[in-house]
Amino acid sequence: MAESSQSQIGFLVPLDHNLKEDTSIPKIPLSEGQNIVGRDSIPVTDKRLSRKHLTLNASLDGSADVLVEGTNPIVVRSSDQRKKLLSRERLTIKHGDVIELIPGHHFFKYVASGGEKNTESPNSWRRTKNEGTKVWEGEAPSQKRMRRVSEDEASARSLQAELDDDSLAQESSLEAFRHFNVPNDELPLTFRLLQVQGLPAWANTSSVSIGDVIQGNVLIAILSNYMVDIDWLISACPTLEKVPQVLVIHGEGDGTLEYMKRNKPANWILHKPPLPISYGTHHSKAMLLVYPRGVRIIVHTANLIYVDWNNKSQGLWMQDFPWKDQSSLNKGCGFESDLIDYLSALKWPEFTSNLPALGNFSINSSFFKKFDYSNAVVRLIASVPGYHTGPNLKKWGHIKLRTVLQECIFDKQFQKSPLVYQFSSLGSLDEKWMSELASSMSAGVSEDKTPLGLGEPLIIWPTVEDVRCSLEGYAAGNSIPSPQKNVEKVFLKKYWAKWKAGHSGRCRAMPHIKTYTRYNGQNLAWLLLTSANLSKAAWGALQKNNSQSMIRSYELGVLFLPSIKHGCGFSCTGNGNISEDKCGSLGSSEVKRTKLVTLAWQGSRKQNSSEVIPLPVPYELPPQPYSSEDVPWSWDRQYHKKDVYGQVWPR
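Residue positions are given per chain, counted from 1 along the sequence in the order it is written. Restriction of local features to residues with pLDDT of at least 70 applies here, the model being predicted, together with a cutoff of 80 or more for giving and counting side-chain atom pairs; totals for whole chains, interfaces and linings are based on all residues. Excluding hydrogens and water, the side-chain figures rest on all heavy atoms present in the structure.

Some remarks on the side chain of Asp-630
Convention followed: Put simply, DSSP H or I for four residues or longer makes a helix, DSSP E for two residues or longer makes a strand, and each gets a number counted from the N terminus. Contacts described as polar in this section are N or O atom pairs within 3.5 Å, which, within protein, must combine one atom able to donate a hydrogen with one able to accept it, while residues neighboring in sequence count only if both atoms come from side chains. It only takes one pair of heavy atoms within 4.5 Å for two residues to be counted as in contact.
Locating Asp-630 in the fold gives a position in the segment after strand S35 (610–615). In this structure the side chain of Asp-630 is engaged in a polar contact, spanning 3.2 Å, whose partner is the side chain of Lys-498. There is a polar contact of 2.8 Å between the side chain of Asp-630 and the backbone nitrogen of Ser-627. Setting aside anything within four residues of it in sequence, one finds Asp-630 in contact with Thr-463 and Lys-498.

In structure tokens:
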């Protein structure tokens, strides 16, 4: 809102997170002199914005003096510099500078222009000031008008070019996310994000809730997780109360376990897998739902608690598989081997189930060999605790990932291309182990059998400011449980990159999702969606001259690869019979060459007979390294600056 009665001399132009003009928000007109900018200036609800958030004193020479009036800081971007201003601090800005009213949010570009009385462009004002009015002496009125029109047009073109710096032909990644909608028969080819409360509807496009995946006539449910809130789980998913037999494989401690035992339904079985090595956990997050028609396998990243399914950035993959026919009972595939090996390690107490029209079955790991996984579109990458040697060395952890990637052929564009590690808890690491992990993550060859070569990794990790300003405020930091001694190791500084998720609407939904990927621009060589954080406990560490791997925890992830079976439209909850589900029998699936991309990728969905598979990677690629002002979050530091709820940390 402009207080001055002087003529209009510019605007604050709203931008989206890609720094393109956001036409859904009106421009803020600026007059010569003092202008107040705050909550009443823009049509957004954000309690962090003060009514008098800043004053902007605009001058005819195209500059403006900015003073922070509110309690929260702002950020000014000028050229490639980014400067944070705290309350009562001031800075002179120029035409083209960008103001973040809240760091990382509410972007506005300062555009100086002629007002009703003064039509000269900002450039002509600077020229007049610097070179003196004699430059224009003797100029005819008609020449003067033509010069001004020409300069104004040039200024407008320049501004438009800056706002559209990705080129007019490209669709923004935000728009791509808004229109991300996966047909049911293609759901297994990609993953989905979990719904987040409080986000605009577009940000939850194709996102899922727990009720979307546990549905239909479930005969047996096996729920694998770390943290389990039974009361919330049953209220959020009433279908579970109707399931005849439920096995909960968990990682809870004694206190919560006693509560679970007292309050669980009578037909629920609780099992905590063996942890033979200290400091390990059962951390895998998966569901196996048995139906009359088949089994639904779900691998995801959320604990079975309220905040994980409502307030955080999370991912989920699922695929339905039919029962094998009699001729295929002894046939297997890579996915089946991955699954049965992992389930065998859990050692749950075997139980018997009478499945209507199917008969009596012993429910153990071998029971799951009865389903046809030939149309699986992912590989499972799991970890189980132990000292693994011989053939078992290649079954688990990062050596399993290395083994699978070594068998794959990738496009040559991924030679020496970078890596991203994105997760929510950081172990105690050293440079030797980081090299060991990067070696596994860099495995694979291009079409001419040339190894892809080592990729340089970046770690996407929330800053203190990200957590403070998140949907949960500092409380979000409880789910990013890494101490200073792990986070502030000097060698890690070169790896830090920002959690930037504007295109998915999840900048303020702190990540509990874990993803690892190799990329080139918006093209992905592969992507792993997993429960595994960046730790030796989760991934394993080589010992004894690389002949042994020591793993402490159970983890489970799904690996998306470029050459996969086309998938299958089979659904356990569909109404048709199996023959109507576009699903071939075991071994009959056609292997197609596919191309994995982010939603920001620009191009045709069909390329040289390759099928393009979009994956909803919630953060921006390539990642943006930390600035000198960014501080990585650690949960055992004190933070006195109040969060969005007026709280400090620890409370």
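More follows now that the structure is in view.
Looking at the nonpolar core
The test is simple: Side-chain atoms within 4.5 Å link the members of a nonpolar core, which is a set of buried Ala, Val, Leu, Ile, Met, Phe, Trp, Tyr and Cys residues. Exposure classes here rest on a 1.4 Å probe applied to the protein chains alone. A residue is buried below 20% of its type maximum, exposed above 50%, and partly exposed in between.
The biggest cluster of nonpolar side chains holds 122 residues, and the ones touching the most others in it are Trp-317, Phe-368, Tyr-421, Trp-526 and Leu-534. Examining the composition of this core, we find that seven residues originate from one element, helix H7 (residues 334–346), more than from any other. Every residue in contact with Tyr-421, bar those within four places of it in the chain, is listed here: Met-434, Leu-437, Ala-438, Met-441, Pro-457, Leu-458, Ile-459, Ile-460, Thr-515, Tyr-516 and Leu-534. In this structure, Val-213, Val-228, Leu-233 and Ala-302 belong to the second largest nonpolar core, which totals 33 residues.

Overview of the environment of Ser-344
Along the chain, the position of Ser-344 falls in helix H7. The class of Ser-344 is partly exposed, set by a relative accessible area of 36%. Sequence separation between Ser-344 and Ser-366 is 22 residues; the distance between their C-alpha atoms is 7.9 Å. Among the polar contacts listed, one links the side chain of Ser-344 to the side chain of Ser-365, at a separation of 3.1 Å.

Considerations on the UniProt feature "active site" (unreviewed entry) in the protein chain
Using the following cut-off: UniProt positions are given in the numbering used here, feature names are shortened, and annotations may be inferred rather than shown by experiment.
The positions that UniProt labels "active site" (unreviewed entry) are, in the present scheme, His-283 and His-512. Taken along the chain, the residues just named run across 230 residues; in space they keep tight, none of their C-alpha pairs more than 12.7 Å apart. Mapped onto the fold, His-283 is located in the loop between strand S14 (268–271) and strand S15 (286–290). A relative accessible area of 9% places His-283 in the buried class. Structurally, His-512 is set in the loop between strand S26 (496–497) and strand S27 (515–520). Classification of His-512 by relative accessible area gives buried; the value is 6%. If near-sequence neighbours (up to four positions away) are discounted, His-512 is found in contact with Lys-285, Thr-301, Ala-302, Asn-303, Asp-308, Lys-312, Ser-313, Gln-314, Ser-424 and Ser-479. At 3.2 Å, the side chain of His-512 and the side chain of Gln-314 are in polar contact.

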